[in-house]
Amino acid sequence: MSSGPHRIAVLALDQVVGLDLGTPSQVFSTARGADDAYRYDVRVCTPGGRPVRSTAGFQVLPDHGLELLDTADTVIVPGIHAGAALTSGTVEPEVAEALRSAYQRGARIMSICTGAFVLAAAGLLDGRRATTHWAYAERFRRLHPRVDLDPDVLFIVDDRVLTSAGVAAGIDLCLHVIRLDHGSDIANRAARRCVMPPWRDGGQAQYIEQPVPRATDASTAATREWARQRLHEPIALRDLAEQARMSVRTFTRRFRLETGLSPAQWLLRQRTDHARLLLETTDLTVDQIARRCGFGTTAALRQQLHQRIGVAPSTYRRTFHPREELARA
């Protein structure tokens, strides 16, 4: 890794999605510490440094060619709406080689939306879990059967290769990367500057085209907020349904429609996310955090955290707690 700001190369190909292209610069530029210093240096490149067309009706005039990938700590490929990567599952040899070389050198590789097609064409997703926009899932599976595609999530982290779902999910992934690199405090401030939640509930399933619920159906949003304020308490499905003034069956159907998760899955995710926040930002013991988040026991918290992110609470705290970071400095 470089000294100074983390260097990010955004690789724009022809027919790059305009929002995807601007997302890394916008989000990572908001990641600043108490000293207000920038944590990332984001630059855009294209093959040969040539102009490329965007889907938003403008051309991209880059300052850099593929050589930018040679020194980048992270490489991000935004989505595209045309080209061989989408039609035949191939990319220009020079692009594939630059991406593979960057990964082999130790760089983190990311894609936004259909940028996953480019990573797959370069062979970087074979044998890995990955995601892309749900509308392109079947096409992706046909072109890249060796990739373990999960179109129901907002993003996936598989070692140093990260993929995100469509459009706004790129923001979710960028915020997650800031959180991994610098902890919740900086990531949460970045999210506020972007007028975004630090993380969103559910996955892509809630955005897949489906019949629109009747206008008379009530939302479960108020009930979800009610539950968030009571994570330390036992909350049963019937409690949620009663709070929403619905039958259990109607509530469960509506909840899954709105969040892409069952009430139990959603509640467990909320408890785990809150535990992560407390591990990062407080000096509470793991046992105290387990009780405050509704797990009851340290063992239950340890099991859920390990299933979710693969580490124990103490390991997670050593990685992300500011005091632990200072101790390692």
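Residues numbered from 1 in each chain as written. Predicted model: local features only at pLDDT ≥ 70, side-chain atom pairs only at ≥ 80, totals over all residues. Heavy atoms only, no water.

## Some words on the overall build of the protein chain
Just so we agree on the cut-off: Helix numbering and strand numbering both begin at the N terminus, where a helix is a DSSP run of H or I of at least 4 residues and a strand a DSSP run of E of at least 2. A 1.4 Å probe rolled over the protein chains alone gives each residue an accessible area, and that area as a share of the maximum for its type sets the label: buried under 20%, exposed over 50%, partly exposed in between. The contact criterion used throughout is that any non-hydrogen atoms of two residues lie within 4.5 Å. To be clear on the numbers: accessible area is Shrake-Rupley with a 1.4 Å probe, and residue cover counts the displayed protein chains and nothing else.
In terms of helices and strands, the protein chain carries 15 helices and 10 strands. Burial statistics for the protein chain: of 329 residues in total, 49% are counted as buried. Look at the contacts in the protein chain between residues 6 or more apart in sequence, and 64% of them connect residues 24 or more apart. If you sum the accessible surface of the protein chain, you get close to 15,700 Å²; carbon and sulfur atoms cover 51% of it.

## Side note on the side chain of His133
The criterion, for reference: Side-chain atoms alone can form a polar contact between residues adjacent in sequence; in general such a contact is a pair of N or O atoms within 3.5 Å, and within protein one must be able to donate a hydrogen while the other accepts it.
On the secondary structure map, His133 appears in the loop between strand S7 (129-130) and helix H5 (137-143). Engagement of the side chain of His133 in a polar contact is seen with the backbone nitrogen of Ala135, the distance being 3.0 Å.

## Considerations on the packing of aromatic side chains
The following threshold applies: Geometry of aromatic contacts follows a simple scheme: Phe, Tyr and Trp rings, the Trp one being its six-membered ring, pair when their centres are within 6.5 Å, and the pair is stacked under 30 degrees between planes, edge-to-face over 60, tilted otherwise. As a reminder, the over-ring test applies to NZ of lysine and CZ of arginine, requiring each to be within 6 Å of the ring centre and within 35 degrees of the ring normal.
Following the criterion strictly, the structure yields five aromatic pairs and no others. Plain terms: the ring middles of Phe28 and Tyr40 are 4.6 Å apart, the flat faces sit at 55° to each other, and that makes the pair tilted. With Phe28 in helix H1 (residues 18-28) and Tyr40 in strand S2 (residues 40-45), this pair connects stretches of sequence that are 12 residues apart. Judged by centre distance (5.4 Å) and plane angle (45°), the ring pair of Phe251 and Phe255 falls under tilted. Taken as a pair, Phe251 and Phe255 lie in helix H10 (residues 248-259) at a separation of four residues, close to a single helical turn. Both residues of the pair, Phe251 and Phe255, count as buried. Ring pairs connect the aromatic residues Phe117, Tyr136 and Phe140, which therefore count as one cluster. Its end group placed over the ring of Tyr103, Arg160 keeps NZ or CZ at 4.1 Å from the ring centre.

## Things to note about helix H14 (residues 313-320)
Rules: Taking the helix axis as origin, the arc is that swept by the directions to the C-beta atoms.
Buried residues of H14: Pro313, Tyr316, Arg317 and Phe320, and no others. The arc that holds every buried residue of H14, seen down its axis, measures 100°, which confines them to one face.

## Regarding the nonpolar core
Short version of the rule: As used in this record, nonpolar core signifies buried Ala, Val, Leu, Ile, Met, Phe, Trp, Tyr and Cys residues forming a set joined through side-chain atoms within 4.5 Å.
Counting 37 residues, the largest nonpolar core has Leu11, Leu99, Ile109, Val118, Leu119, Leu125 and Phe140 as its most contacted members. Contributions of two or more residues to this core are made by strand S1 (6-11), strand S5 (74-77), helix H2 (84-87), helix H3 (93-105), helix H4 (115-121) and H5. Of the residues forming this core, the biggest block, six residues, is contributed by H3. Those residues in contact with Val118 that sit more than four places away from it in its chain are Leu13, Val77, Ile80, Ala85, Val91, Val95 and Leu99. If you look at the next biggest cluster of nonpolar residues, it comprises 28 residues, including Met110, Ile171, Leu173 and Cys174.

## Let's talk about the packing of helix H11 (residues 263-281) against H14
The following threshold applies: Fitted lines through C-alpha atoms give the axes, limited to the stretch in contact for helices. The angle between two N-to-C directions lies from 0 to 180 degrees. Under this scheme an angle from 65 to 115 degrees is roughly perpendicular, one under 35 degrees roughly parallel, and one over 145 degrees roughly antiparallel; angles in between are oblique. Throughout, a crossing is termed right-handed when the near helix is turned clockwise from the far one, and left-handed when it is turned anticlockwise from it by less than a right angle. Any residue outside Ala, Val, Leu, Ile, Met, Phe, Trp, Tyr, Cys, Pro, Asp, Glu, Lys and Arg is labelled polar, Gly included; the first ten of those are nonpolar and the last four are charged.
Running from amino to carboxyl end, H11 crosses H14 at an angle of 55°, the nearest separation of the two axes being 8 Å. Considered as vectors, H11 and H14 are oriented oblique to each other. Judged by the twist between their axes, the crossing of H11 over H14 is right-handed. Between H11 and H14, the residues in contact are Arg276, Leu278, Leu279 and Glu280 and Pro313, Tyr316, Arg317 and Phe320, respectively. In the contact of H11 with H14, the residues fall into five nonpolar, no polar and three charged.

## Some remarks on the sheet that holds S1
As a reminder, the rule being used: Strand pairing is defined by DSSP finding a minimum of two bridges between the two strands.
An order of S2-S1-S5-S6-S10-S9 is seen for the six strands of this open sheet, with the pairing classed as mixed. Two strands close off the open sheet at either side, each with one partner strand: S2 and strand S9 (155-158). Each strand of the sheet is rotated relative to its neighbour by a mean of 15°, with strand direction disregarded. In the sheet, S1 pairs with S5 via three bridges, with the strands oriented parallel. Residue Ala9 lies in a different strand from S5, and its bridge partner there is Val75.

## Considering the pattern of salt bridges
Side-chain pairing between opposite charges can occur once the charged atoms of the two side chains come close. Here is the rule: For this document, the term salt bridge refers to a Lys or Arg side-chain nitrogen within 4 Å of an Asp or Glu carboxyl oxygen.
Tallied over the full model, the rule gives 18 salt bridges. Here Arg108 makes a salt bridge to Asp181, at a shortest N to O gap of 2.9 Å. Residue Arg108 is located in strand S6 (residues 108-111), and its partner Asp181 is located in helix H6 (residues 169-182); the two are separated by 73 residues in the primary sequence. Residue Glu258 pairs with Arg224 through a salt bridge whose shortest N-O separation is 2.8 Å. Here Glu258 is found in helix H10, whereas its partner Arg224 is found in helix H8 (residues 221-228), with 34 residues between them in sequence. Linked through salt bridges whose partners overlap, the residues forming this network are Arg224, Arg254 and Glu258.

Keep in mind these values describe shape, not function.
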